[in-house]
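Each chain is listed here by its residues.
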Amino acid sequence: MSQFVTDRDQVIVPPMDQYNQELVNNVHPPDWVNPEPAPRYDLVVIGAGTAGLVTAAGAAIFGAKVALIEKHLMGGDCTIVGCVPSKAMIRSSRVVADIQNAARYGIGTSGEISVDFAAVMERLRQVRAQISPNDSAKKFQQDYGVDVFFGEAKFASADTVSVAGKSLHFRKAAIATGSRAAELSIEGLAEAGYLTNENVFELTERPHRLGVIGGGYIGCELAQTFRRLGSEVTLLQQSSRLLSRADEDAAAIVQKTFEQEGIQLLLQSKIQRIERQGAEKIIHYEQDGKEQSVTVDEILVGVGRSPNVENLNLEIVGVDYDEKRGVIVNDYLQTTNPKIYAVGDICMEWKYTHAADAAARILIQNALFAILGLGRKKLSSLIMPSCTFTDPEVATVGMSLKEAQQQGIEVQILNVPMNKVDRAIVDGEVEGFAKIYLQKGTSKMIGATIVARHAGDMINEITLAMTHKLGIGALANTIHPYPTQAEAIRKAADEYSRDRLTPFVKKLASSWVKLRR
Ligand SMILES: Cc1cc2nc3c(=O)[nH]c(=O)nc-3n(C[C@H](O)[C@H](O)[C@H](O)COP(=O)(O)OP(=O)(O)OC[C@H]3O[C@@H](n4cnc5c(N)ncnc54)[C@H](O)[C@@H]3O)c2cc1C
Ligand SMILES: NC(=O)c1ccc[n+]([C@@H]2O[C@H](COP(=O)([O-])OP(=O)(O)OC[C@H]3O[C@@H](n4cnc5c(N)ncnc54)[C@H](O)[C@@H]3O)[C@@H](O)[C@H]2O)c1
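Just so you know, these numbers come straight off a predicted model, no measurement behind them. (Residues numbered from 1 in each chain as written. Chains lettered and ligands numbered in written order. Predicted model: local features only at pLDDT ≥ 70, side-chain atom pairs only at ≥ 80, totals over all residues. Heavy atoms only, no water.)

## Considerations on the pairing of strand β4 (residues 66-70)
Across a regular strand the side chains alternate sides, sitting on one face of the sheet and then on the other. Most of β4 sits inside the fold, with 5 of its 5 residues counted as buried. Residue alternation in β4 divides its side chains into two sets, Val66, Leu68 and Glu70 and Ala67 and Ile69, and both sets are buried. Relative to β4, strand β3 (residues 41-46) runs parallel, the two being bridged by 4 bridges. Bridge assignment links Val44 to a residue of β4, and that residue is Ala67. The parallel pair β3 and β4 is bridged by helix α2 (residues 50-61), and the resulting crossover is right-handed. Two strands pair when backbone bridges link them, and β4 and strand β5 (residues 147-150) are joined in this way by 4 bridges, in the parallel orientation. (Buried < 20%, exposed > 50% of the residue type's maximum accessible area, 1.4 Å probe, protein only. Helix = DSSP H or I, 4+ residues; strand = E, 2+ residues; numbered from the N terminus. Pairing = 2+ DSSP bridges. Right-handed = clockwise from strand over helix to strand, strands pointing away.)

This is the structure in structure tokens:
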């Protein structure tokens, strides 16, 4: 569905205004001339999204001779059609919500709030362009000494990748070709036309009525965003709740918020067909055994990702893959061909920018510096956080309660509701909680879920503690400035310390205090 055009003469990201021109000048300069290949590269990296960029830059900084190949735009999904543009829109939508709630804080606003959708999208393009020098072809070539090639890469022989008529010989290669929006095969959908993350950020006019298919990360973040920016939003989700992988109480809070904000939620709905009537799109679905329909102007699909495994000639280099799971790797990110590694969305269940970044560092170590298998790092050793940037945000780290139960781990849950946290009360942001999961009978944290307006920032101290194998006591002993919402975490830790006082220790302490009176 992408409307990017990249051929020899044109690189276009619609609408081609000054910001998108600046973006293109950085991430796929129209006048770029591919360099003459070196006789052999230590590492050839295919794909210049987060995974490929971090792999290429890191390896080059450590002295490796590196080639980086990109077929569209450097920066990949995150910068171009993912994290950056979605979070820019979310920021504008939060401003709307804050103004709508202004009276609660004693602030009057006169008249209706007017959202200039075109200006919101222009700001998106402006901030994306502003961030894009980080991913620029010139920077990679000049600052890191990486040979940057534009064109579609494919394996040509056991040690050769071909791109734009050139052959690059490698000692090691890294596949970092990422993922794209999974296709949904529903009768009439393709004919009616629909949006995905690949073109939704190109909009310049707000859809009056938006149908969102999928209630995961993309569906939830963008349904709330468009609703706040003024669209009438209907979200169709096939399962019984939103954010099916998240903590149930967290999903319930997001669901309640969405309903309060006027999003029509159609849970456990099965879409049967889509019909186009003039400019309108009619979504026919079944819910509770009844056939119903909803009419919208645009449809946004966010039902998961498909790995970009096609046209790479993986067969000729003996790299196994699965069309759903992507390239098959072991815990060291090595494919079934030991000279070829993979990293990022193409091979990992964790489809996050920070996961791609962290894994790229593992790849560099394993591909370039481990000798005879010594010093290799494992993907499974990472403690991975994530955050759904709804309002409130839902941030997690480590295991979910369900995962712990599946693994037969007995769990103690420490739970502090945000309405017990002074700063959350002061801020009027009391929806949410901080839950920390401990391995029962120990101080070991195995996971956490935080629901709060800035949960994505709050989760970091728990990630830090878990990464460095600090017990919950370390959080209790960490002084948090008063009043901050992160005190929820210290309070949860205090709950643990309180519970740990045995009746005997309590009695002993109280006798000591009495003795000293
Ligand atoms: C709407 C949306 C919002 C998101 N928000 C967040 C967020 O807030 N936080 C977060 O952590 N994650 C977020 N993500 C996920 C994040 O964007 C991805 O996990 C991340 O971009 C994966 O990086 P990657 O390098 O593996 O793949 P990609 O970013 O997909 O990069 C792969 C690159 O390879 C190139 N390529 C493919 N095939 C070839 C070939 N044959 N030759 C040359 N080049 C090729 C592609 O053009 C692309 O540039 C979001 C994703 C979406 C869709
Ligand atoms: N904040 C973030 O970190 C962030 C934001 C956006 C995307 N992402 C990444 O991108 C990936 C893709 O996001 P996504 O939202 O497309 O996938 P997702 O897996 O998060 O959610 C897809 C949802 O679509 C539903 N679904 C599937 N088929 C359906 C159908 N026919 N009708 C109705 N609902 C249907 C599923 O039940 C599921 O809840 C995520 O897994 C995530 O890793 C991350």
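So, next bit.
## So, the packing of aromatic side chains
Counting across every chain of the model gives 6 aromatic pairs. Taking 6.0 Å as the distance between ring centres and 35° as the angle between the ring planes, the aromatic pair formed by Phe117 and Phe226 counts as tilted. One end of the pair, Phe117, is in helix α5 (residues 117-131); the other, Phe226, is in helix α8 (residues 217-228), with 109 residues separating them in the sequence. Each member of the pair, Phe117 as well as Phe226, is classed as buried. Judged by centre distance (6.0 Å) and plane angle (75°), the rings of Phe155 and Phe170 are edge-to-face. Placement of the pair is Phe155 in strand β6 (residues 154-157) and Phe170 in strand β8 (residues 166-175), with a sequence separation of 15 residues. The exposure classification of Phe155 matches that of Phe170, with both residues buried. Cation over ring: Arg376 sits above Tyr332, and NZ or CZ is 3.6 Å from the ring centre. One Lys or Arg, Lys435, reaches over the ring of Phe433 and ends 4.8 Å from the middle of that ring. (Phe/Tyr/Trp six-rings, centres within 6.5 Å; stacked < 30°, edge-to-face > 60°. Lys NZ or Arg CZ within 6 Å of the ring centre and 35° of its normal.)

## Here's the deal with the environment of Arg325
Summarising the element assignment, Arg325 is placed in the loop between β18 (321-322) and β19 (326-327). We classify Arg325 as exposed; its relative accessible area is 57%. Along the sequence, Arg325 and Thr335 sit 10 residues apart, while their C-alpha atoms lie 13 Å from each other. The contact partners of Arg325, leaving out residues within four places of it in the chain, are Pro307, Ile346 and Cys347. (Contact = heavy atoms within 4.5 Å.)

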